[in-house]
Amino acid sequence: MAWRNGCEEVAQSKPLFLTIYTVVIIGIVVSSFYVFSAIYSTNPLAPSTFSSIPSSSYENHHLTDPTLNTSQSAMVHTAPTPPTPSPGQQNVWPRPIWDVPPRDKKMPPLKAFRLTKSLVQERVKDNVIIVTFGNYAFMDFILTWVKQLTDLGLSNLLVGAMDTELLEALYWKGVPVFDMGSHMSTVDVGWGSPTFHKMGREKVILIDSILPFGFELLMCDTDMVWLKDPLPYLARYPTADVLTSSDQVIPTVVDDSLEIWQEVSGAFNIGIFHWRPTESAKKLAKQWKEMLLADDKIWDQNGFNEIIRRQFGPSVDDDSGLVFAFDGNLKLGVLPASIFCSGHTYFVQAMYQQLRLEPYAVHTTFQYGATEGKRHRLREAMLFRDPPEYYNPPGGFFSFKPYIPKGLLLSGEHNVESHFTLVNYQIKQIRTALAIASLLNRTLVMPPLWCRIDRLWYPHPGVLEGSMTRQPFLCPLDHVFEVNVMLKKLPEEEFGPGIDIKEYSILDNPSLPAEVKKSWLDVQLCKEGTQDCNASNDTNVGGLLKFPKHSSEETFMKVFSSFKDVKIIKFSSVQDAFTGFTNKDREEKFRNRVKRYVGIWCCALDHDPGHIYYDMYWDEKPEWKAVPPQTPEDDHPPW
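Note that the coordinates shown come from a computational prediction; the quantities given were computed from them, not determined experimentally.

The rules behind each value
- Residues numbered from 1 in each chain as written.
- Predicted model: local features only at pLDDT ≥ 70, side-chain atom pairs only at ≥ 80, totals over all residues.
- Heavy atoms only, no water.
- Helix = DSSP H or I, 4+ residues; strand = E, 2+ residues; numbered from the N terminus.
- Buried < 20%, exposed > 50% of the residue type's maximum accessible area, 1.4 Å probe, protein only.
- Contact = heavy atoms within 4.5 Å.
- Areas by Shrake-Rupley, 256 points an atom, 1.4 Å probe, with all protein chains shown as cover.
- Expected span 1.5 Å × (residues − 1).
- Pairing = 2+ DSSP bridges.
- Core = buried A, V, L, I, M, F, W, Y, C linked by side-chain atoms within 4.5 Å.
- Disulfide = S-S within 2.5 Å.
- Axes fitted to C-alpha atoms, helices over the stretch in contact; angles between N-to-C directions.
- Right-handed = clockwise from strand over helix to strand, strands pointing away.

Undergrad: So what's going on with the overall build of the chain? Residues and values would help.
TA: Counting secondary structure elements, the chain contains 19 helices and 22 strands. Within the chain, buried positions represent 53% of all 639 residues. For the chain, restricting intrachain contacts to residue pairs at least 6 apart in sequence, the fraction spanning at least 24 positions comes to 69%. Here the chain displays about 29400 Å² of accessible surface, and carbon together with sulfur accounts for 54% of that area.

Structure (structure tokens):
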């Protein structure tokens, strides 16, 4: 009735009032339309190119826009192409890398992180996108990977998250991330496991999904780091469809040119490789993906090596180093292992140093300590990103200066016997240092370790013929010690108190806090009875403490209890420093623990098995010799 009466009043009014009433009514109707439209509109932050159709096929949740991906298999389900974001539309990554989102705002919905051309476009620079992926177990590797790139001034990167825990963690750290829809476990999957192989298939599916977007793709594993901007180098080969790293350990070139493909004997390694969005490259990605999805027993790297060599040769030209491969049209280049380094060419051979070259990258392959071994190698090289508390552990550090006679390093032939003599001499010192660190409840800074011969998975004559390994060489800790066991929490009731260890370079790391560096005590071993050599906590000028050799557990506790607040205690030597634990139960548990800390050397020629076990207590066995197990019953660790 009110509405009808109002209309009647309008009809009886003068023309001016009729006009005013008409304008007001139209305004109300239009405003109502916009309010209801805003309430029921779709979230502009959530474009979707994936469908979530349940399927028994492996490609469920890996579905890309059919108008962008022309290389899909029959198993792929697709969704409509999203509209191109307007210039004023908000995106997921409006801020620079490491600029964390405001905590007072909610995280965008998960579908906003789905892989789309527009999401990748936000990060691309000069038509190149750099990508890695992983699960939450590799969070620290991924942060290291991103930090190394941003320190080089590169921001055209994306990280694929295989679980939502990683995706959320990276988002709140300001790292560009997308959802791979993998629903992967958040734990370390372990090399060679079924989940490890599943991760490999994720990589191939990812490559096949991104290439149709039209961008160049630099695909990386998370266990590698960048040391130098690689994009200018890759741009030197504009006609290459694919540039791949390799497991080559023998240099085929001595400069920074591509490897001579005819001389490459190592497998192509897919931890670092660059793809251009050419028809040949897209065809390769499609067929490689279909091969792996058809047979879950094929390792992704083996599959790549097989498919790329279906046709191999001839050279594309006389100068570039590129070779025709795959279907006879694809142009492939093999990145030089001297500067796109493997774990062998970087950590063992130091090939780049000997050739006076600047390395672009290092991939932690050729190592023996699982994921913990990879971390430790990067930490030894001061290439790993750790939080501040890593450099200031509770209880402080215990360090010592190792002593190695010159003859053990240089005299005689480099062979199994001389190698074990050298390593055993160091093992005995490290055993004492572990005991002192345990006694003082301090973190042991492992010393640099020297080897005379290499370690591999197969028989060899000491070093690989043709490689640039120099003897003796500073060898990674995982060549001798089981780094993953040393860092594992073992039951205290069986193995006694845990003993934390750090890499030999940590005290030289720029990330070491100033307050730690300044809190330092030097300890010089001395012969009891000589001048100023007594079991007291009196230090001389300069923070030097003279401490008697052959000291007991009680003497250690009495003297060093006064230095609990000192961050770094460094002994001039640990030889003959400690007589052993007084408590025999603790002694037995300690022995039980450290026996498991050493691994094997591999492998002797003309003997099966060819491996030889290291023994933490070799010096207590007069009959001990560096020989492989002679019978199956002998083939077991010394514990």
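From this point on, the discussion continues.
Undergrad: Requested: an account of helix α8 (residues 279-294), with residues and values cited.
TA: Given a rise of 1.5 Å per residue, 16 residues ought to cover 22 Å, and the 22 Å separating the end C-alpha atoms of α8 matches this to within 8%. Turning to α8, its buried residues number three or more, namely S280, A281, K282, L284, A285, W288, K289, M291 and L292.

Undergrad: I'd like a description of the sheet that holds strand β11 (residues 340-341), backed by residues and values.
TA: Backbone hydrogen bonds are what pair the strands of a sheet, in a parallel or an antiparallel way. Strand order in the open sheet made by the 3 strands is β5-β12-β11, with mixed pairing throughout. Each edge of the open sheet carries a strand with a single partner, namely β5 (224-226) and β11. Bridge count between β11 and strand β12 (residues 361-363): 2 bridges; the pairing is parallel. When the sheet's bridge partners are listed, C341 is paired in β12 with V362.

Undergrad: Can you break down the nonpolar core residue by residue, with the values?
TA: L434, F481, F560 and F571 are the most contacted members of the largest nonpolar core, which totals 57 residues. In terms of residues, this core owes the most to one element, helix α14 (residues 416-440), which gives 12 residues. Leaving out residues up to four positions away in the same chain, F481 has contacts with I427, I430, L449, M486, Y597, V598, G599 and M616. By size, the runner-up hydrophobic cluster in this structure holds 45 residues, among which are L149, A240, M351 and L355.

Undergrad: Quick rundown of the state of the cysteines? Include the residues and the values.
TA: Per the counting criterion, the structure on display carries 3 disulfides. Through a disulfide, C602 is tied to C603; the S-S separation comes to 1.3 Å. A relative accessible area of 8% means that C602 is categorised as buried. When the cysteines of the chain that form disulfides are numbered from the N-terminus onward, they connect as 1-2, 3-4, 5-6.

Undergrad: Please provide a residue-by-residue account of the sheet that holds strand β6 (residues 242-246), values included.
TA: Taken in spatial order, the 9 strands make up an open sheet running β3-β2-β1-β4-β7-β6-β10-β9-β8, and their pairing is mixed. Two strands lie at the open edges of the sheet, namely β3 (177-179) and β8 (312-315), each paired on one side alone. Going from strand to strand, the sheet's axes swing by 35 degrees on average, the running direction of each strand aside. As paired elements, β6 and strand β7 (residues 268-275) share 5 bridges and run antiparallel to each other. Directly across from T244, in β7, lies its bridge partner F273. The sheet strands contacting helix α9 (residues 300-308) are β6, β7, β8, β9 (323-325) and β10 (330-334), and the helix crosses β7 at an angle near 70 degrees.

Undergrad: Could you give me a rundown of the pairing of strand β1 (residues 128-134), with the residues and numbers involved?
TA: Counting buried positions along β1 yields 7 of 7 residues, so the element is predominantly enclosed. Of the two faces of β1, both are covered, the one formed by V128, I130, T132 and G134 as well as the one formed by I129, V131 and F133. Where β1 and strand β4 (residues 216-220) come together, 4 bridges link them in parallel fashion. Its bridge partner lying in β4, I130 is registered against L218. Two elements, β1 and strand β2 (residues 157-161), share 5 bridges in a ladder whose sense is parallel. Residue pairing in the sheet places T132 in a bridge with V159 of β2. This β-α-β element, β1 to helix α4 (residues 139-151) to β2, shows right-handed connectivity.

Undergrad: I'd like to hear about unusual backbone geometry, residue by residue, with values.
TA: For the peptide bond that leads from Q471 to P472, omega is -5 degrees, which places it in the cis range. Inspection of the secondary structure puts P472 in the loop between β15 (449-451) and β16 (473-475). With omega at 0 degrees, the peptide bond leading from D608 into P609 counts as cis. Positive phi is not limited to glycine here, since F326 has a value of about 65 degrees.

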